[in-house]
Amino acid sequence: MPRRMSADYPPHPAPPVLPPPPLGASLPAERWPSPDELLAIHRSMLRARLVEERIVELYRQNRITGGCYSGIGNEATAVGIAFPMHNEDVLVPTHRDMGAHLVRGHSALEVFRQYFKRASSQTGGKDSGLHLGREGSNIVGMISHLAHMLPVAVGVALAERQKGNPAFVVTTVGDGASSLGDFHESLNFAAVQKLPVLFVIENNQYAYSTPITLQYACERLSDRAKGYGMFGEDVDGTDVVLVVDAARRARERGMRGEGPTLLNAVTMRMRGHSEHDDFKYVPKALFEAWSAYDPLLRLEKRLVEQHLATTADLERWREALGIELDRAVDEAWAEPEPAGAEAARDVYRRWDESWTPPTGAERWGSSS
Amino acid sequence: MSETTYIEAIRLAMIEEMERDQSVFLIGEDIGHFGGAFKATQGLLERFGKERVVDTPIAEALIMGVSVGAAIRGLRPVAEMQFADFVTCGFSQLVENAGTFHYRLKVSVPMVVRLPSGGGVGGGPYHSRNPEAWFCHAPGLKVVAPATAADAHGLLKSAIRDPDPVVFLEQKWLYRREKGVLQSGDDALVPLGKARVAREGRHLTLVTYANGVPMAVEAADRLRAQGIEIEVIDLRSLAPWDHQTVLASVEKTGRLLVLSEATRTGSFASEVAAHVAELGFESLDAPILRVTAPDAPTPSEKNLEAYFRPNTEKLVDAVSVLMRY
Ligand SMILES: Cc1ncc(C[n+]2csc(CCOP(=O)(O)OP(=O)(O)O)c2C)c(N)n1
Ligand SMILES: [Mg+2]
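Residues numbered from 1 in each chain as written. Chains lettered and ligands numbered in written order. Predicted model: local features only at pLDDT ≥ 70, side-chain atom pairs only at ≥ 80, totals over all residues. Heavy atoms only, no water.

1. What to know about the overall build of chain B
Our working definition: We count a stretch as a helix when DSSP gives it H or I for four or more residues in a row; a strand needs E for two or more, and each element gets its number in order from the N terminus. Radius of gyration means the value over C-alpha atoms here, while the globule rule gives 2.2 Å times the residue count to the 0.38 power. Relative accessibility thresholds used throughout: buried, under 20% of the residue-type maximum; exposed, over 50%; partly exposed, between the two (1.4 Å probe, protein chains only). Note on definitions: a residue-residue contact is assigned when non-hydrogen atoms from the two residues lie within 4.5 Å. In these tables, accessible area is a Shrake-Rupley quantity obtained with a 1.4 Å probe, and a residue counts as shielded only by the protein chains included in the view. Charge convention: Lys and Arg are scored as positive, Asp and Glu as negative, and His as well as the terminal groups of each chain are ignored. Lysine's charge is taken at NZ, arginine's at CZ, aspartate's at CG and glutamate's at CD.
A tally of regular secondary structure across chain B gives 12 helices and 14 strands. For 325 residues, the compact-globule estimate of 2.2 N^0.38 gives 20 Å, and chain B sits close to it at 19 Å. The principal-axis extent of the C-alpha atoms belonging to chain B is close to 60 × 40 × 40 Å. When burial is assessed residue by residue, chain B has 64% of its 325 residues classed as buried. If you take every contact in chain B between residues at least 6 apart in sequence, the share linking residues at least 24 apart comes to 82%. As displayed, chain B offers around 11700 Å² of accessible surface, 52% of which is attributable to carbon and sulfur atoms. Each charge class in chain B was averaged separately, 34 positive and 41 negative side chains, and the resulting centres sit 1 Å apart.

2. Description of the overall build of chain A
Scanning chain A for helices and strands turns up 11 helices and seven strands. For chain A, the C-alpha radius of gyration of 22 Å lies close to 21 Å, the compact-globule estimate for 368 residues. Across its three principal axes, chain A shows a C-alpha extent of roughly 70 × 55 × 45 Å. Buried positions account for 53% of the 368 residues belonging to chain A. Sequence separation of at least 24 residues holds for 74% of the intrachain contacts in chain A that already meet a minimum separation of 6. As displayed, chain A has an accessible area near 16300 Å², and 53% of this comes from carbon and sulfur atoms.

3. A short note on the interface of chain A and chain B
The test is simple: The term buried area refers to how much accessible surface (probe radius 1.4 Å) is lost by two components on association, counted for both of them together. When a carboxyl oxygen of Asp or Glu lies within 4 Å of a side-chain nitrogen of Lys or Arg, that pair is called a salt bridge.
Counting residues at the interface gives 50 residues for chain A and 48 residues for chain B. For the pair chain A and chain B, the two sides together bury roughly 4100 Å², of which 57% comes from carbon and sulfur. The interface formed by chain A and chain B includes four salt bridges. For Asp 127 of chain A, the salt bridge is made with Arg 104 of chain B, and the minimal N-O distance between the two is 3.1 Å. Secondary structure elements with two or more residues in the side of chain A that touches chain B: helix H5 (149-162) and helix H6 (181-192) of chain A. With 11 residues, the top contributor of residues to the side of chain A that touches chain B is H5 of chain A.

4. Regarding the sheet that holds strand E1 (residues 90-92) of chain A
Residues and elements named next belong to chain A. Convention followed: When DSSP finds two or more bridges between a pair of strands, those strands are recorded as paired. Only the stretch in contact is used when a helix axis is fitted, and all axes are lines through C-alpha atoms; the angle between N-to-C directions ranges over 0 to 180 degrees.
As summarised here, the arrangement of the five strands in space is E1-E2-E3-E7-E6, forming an open sheet in which the pairing is parallel. Whereas interior strands pair on both sides, the edge strands pair on one side only; in this sheet they are E1 and strand E6 (231-236). Taking each pair of neighbouring strands and ignoring which way they run, the sheet shows an average axis angle of 20°. Pairing of strand E2 (residues 169-174) with strand E3 (residues 197-203) involves six bridges; the strand directions are parallel. Opposite Val 169, over in E3, you have Val 197 as the bridge partner. Across the sheet, H5 is in contact with E1, E2 and E3; its angle to E2 comes to roughly 170°. In this fold H6 packs onto E2, E3 and strand E7 (261-266), with an angle of close to 150° to the strand it touches most, E3.

5. Some words on the packing of H6 of chain A against helix H3 (residues 60-72) of chain B
Basically, it comes down to this: Roughly parallel here means an angle under 35 degrees, roughly antiparallel means over 145, roughly perpendicular means 65 to 115, and every remaining angle is called oblique. Note that Gly is not counted as nonpolar here; it falls among the polar residues with everything else outside the nonpolar set of Ala, Val, Leu, Ile, Met, Phe, Trp, Tyr, Cys and Pro and the charged set of Asp, Glu, Lys and Arg.
Between H6 of chain A and H3 of chain B, whose axes approach to 9 Å, the crossing angle comes to 70°. Viewed along their axes, H6 of chain A and H3 of chain B adopt a mutual orientation that is roughly perpendicular. Where H6 of chain A abuts H3 of chain B, its residues Asp 182, Glu 185, Ser 186 and Phe 189 of chain A lie against Glu 60, Ala 61, Leu 62 and Val 66 of chain B. Broken down by class, the residue content of the contact of H6 of chain A with H3 of chain B amounts to four nonpolar, one polar and three charged.

6. Re the sheet that holds strand E14 (residues 289-293) of chain B
Residue and element names in this part refer to chain B. Taken in spatial order, the five strands line up as E9-E11-E10-E13-E14 in an open sheet, and their pairing is mixed. Looking at which strands have only one partner, the edges of the open sheet turn out to be strand E9 (196-199) and E14. The mean inter-strand angle of the sheet, taken between neighbouring strand axes irrespective of direction, is 25°. Examined bridge by bridge, strand E13 (residues 256-263) and E14 share four bridges and lie parallel to one another. Note that in E14 the partner of Thr 263 across the bridge is Ala 293. Of the strands in this sheet, strand E10 (204-208), E13 and E14 are in contact with helix H10 (residues 268-279), which crosses E13 at around 155°.

7. Quick word on the pairing of E6 of chain A
All names here are of chain A. Our working rule: By convention a crossover is right-handed if, when the strands point away from the viewer, the path from the first strand over the helix to the second runs clockwise.
In this sheet, E7 lies alongside E6 in parallel orientation, the contact comprising six bridges. Paired with Phe 231 across the strands is Thr 261, a residue of E7. What joins E6 to E7 is helix H8 (residues 240-255), and the crossover it makes is right-handed.

8. Looking at the domain arrangement of chain B
In many reports, interface size means the accessible area that the parts give up when they come together. All names here are of chain B. The cut-off we apply is this: How far each domain reaches was decided by an automatic or database domain assignment.
Examined at the domain level, chain B breaks down into domain 1 (4-188) and domain 2 (196-323). Using C-alpha coordinates to define each centre, domain 1 is positioned 26 Å away from domain 2. Across the boundary between the two partners, domain 1 contributes 26 residues, which contact 24 residues of domain 2. Each partner contributes to the roughly 1900 Å² buried at the junction of domain 1 and domain 2, and carbon and sulfur atoms together form 55% of this total. Connecting domain 1 to domain 2 are two salt bridges.

9. Concerning the confidence of the model for chain B
The test is simple: pLDDT expresses, on a scale from 0 to 100, how confident the predictor is about each individual residue.
Per-residue confidence for chain B gives a mean pLDDT of 97, with 100% of residues at or over 70. This prediction of the complex comes with two scores: 0.96 for pTM and 0.97 for ipTM.

Spelled out as C-alpha cells, the structure:
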C-alpha cells in the first residue's frame, strides 16, 4: 500500500538523482585489470547476482524465513573490494556482501545451507543469513548489530601486526551504520595506530527507509577521512574496475605503513531493505536513474566492447551457472535440520556439564 | 611468607601470564606509562613494550571490539575498563559480539575484561557499580568475582588461559585492604566455577562473593561466640556458578541467607535464592532471605552510602530472623 503523506509530514527529501557517474575509462591503462582478471571478476559478480536471485525466489516460496537482505546492485563494490585481497588478508563483511564472500572462498552450497538453517551449515541453524565465517578462515562472521564489526576488524589488524603477519583487513559498513559511535571509534583508533585497514562505506542511498539526506550533513562521507587523519575517497560503486583500483591502492598504502583508508562507494540498494519491504519510499525517478547503472550489465557491456566475450558467451555462462546453483539449492534443501537439543550446546568452548543448572524443564518433560 | 595486596595480586597475575604466553596483551585507557587508574598495570609498559600494553583513546566499545577481533585471531587480550561503570559504553560489543561468537560459529574468544567494581569508597552513582548480574544474564560470557588476594591472582590467571570471554570483577574496596599469601606456578591457579567454603558451620548457609565475603566472615566470627555456626560460601565464580556446593551446604544447615552488594531486583542473590527454592526446598527449615542494596543508584555521601550498602549489622539481623525458625 502506498504511504499517505499529510501536508504536515511531507516525505523525507530523497537523495538527489545522480548524474551519470564517471566511467572507468578515465583510469590510466596500467591500472586496468587484465583481461583474465576482468573475466574472473565477471564470474564472481554473476555468481553473486544469481545466488541472490535464487535467495529472493526461495524467500518468496517460504523456503527461506526471517530477514533476507540482498546485495543486488552492490556486486561491483562487494566483489571489487575483495578481488585484490591476498590469501593472508582478512575480510570482515556485512549484509550486502555476498560477492565478497564468494570471492573469498565461501561456496554457493555453504550459503544455501546457511539460509536454509541446516545442521550442516556453518552456524548449524543457530544463526542465519550472511553471518558466515569459520574459525581459522580469513572471513569473520558478522553480527546483526550495525557497525559492530568495525572495532573487530581493527582488532584483527592489530592482532595480525602483533603476530608479525603482513595482512590487510577489509571491512564494510552502510551509510546508515556510519552514524554509529563504533564507526568513529574504529576509524579514529585505526588511524592513530596506522593499521592496514580498508573501511568501505557501501553508500546505497538508504538505510532501511531513511535516505542519506537524513543520515548525514557532510557533502561526502569520504570527507570524514580528513578528520581522522587518514586517506579517503569516493568511488563509483557500480563500476567494478574503479572499485578494484581503489581497493588495490588502499592495500598498497596500508602495506607501506601509511595506515587505513576510507572508501565511500556510491551505489544504490536495488531491492527493499529486506525482502518483506516493498521500498515504496524510493522515488521512481531515482530508482530508474540508478537502473541504468546496474553493475553487472555495465561490466558485461564492457566485456563485449572489448571483445572479451560475446553476448552468446554471456548467455551460456549464465545458463551453466544457473544449472550449478539449482543443484546446490537442491542439495542444501535435502540436508537434515538440526535437532532441537542443539539449541543449548556450544555456548562456550570450555564447559563442564556439572556447571549447567537444571532448568526444571527436564522434570516437566518438555525437553526434546 | 610475605603477604600481597589484592591489587598487586592482579598485577602479578598479568605479569606472570604475559611472561608465560606471548599472545597475552593488555589494552585500555591510561594503562601505559601511567600504569592505570588503580596502578594495576604499573611498570608493564616498560617491561613488555607498547605492542603488548596498548593505550587507547577513550573508547570503550572500541576496546571491547578490538579485544574480540584480536581474540578470534588467537591472541589473549586483557582489557581494562577504568571503572566497571564505563563498561556500559562497551556493553554491546561484549554481550552481543564476544558472547555469541562461539555459539554461532564455534569461534573461540579468549578475552578477559577487568572491571574495577563496587562501592564503599564514596564513588557515587558512576564509580561504584556492581554490574555482574547484567553479564550473568548474557549467555556466552563467564563471570568471576574474587574476594581474596589469592583468588584474584589465581582466577585472573585461569581467566586469561580460558578459551571463552571472561568478565573479571575486581573490588576497588579490596584493592589495598585485602592481603594474602600467593602460591606460585600452577598451584596458584583457581578453577572457574568452583566455590570456596570460607567458614564451615552447621546452622545457616551464607552465600556471597566479592565485597560480601569479608562482611560475611566478620558476621560469622561474631555469631560463633553466640553459638551460631554459619557456613560462609564464597562463590568466586558467578557464571558458571557452583550450585552443587551451595545445595549441599543447605542440605546440611537447612537455612539460606544470600548476600550481594549489588541492587536487589534481578540480582545474582535472587538467582541463588530461586535455585535453592526450586531444588533445595525439602532441605529448608526457613524462608530464604537476601541482603542486598536497595534498588537505587549508589549514593555518594558517606551516610547515604552506609545506609545503602550491606554490612555486618544487616547480616547479623537477617541471621537472627532466620534462627527463629
Ligand atoms: C544497532 C542496530 N540498529 C538497528 C538495526 C536494524 N537495521 C538493520 S539494517 C538497518 C539499516 C542499515 O542501513 P545501512 O547501514 O545504510 O546499510 P544498508 O542496509 O543500506 O546496506 C537497520 C536500521 C541493527 N541491525 N542494528
Ligand atoms: Mg544504506
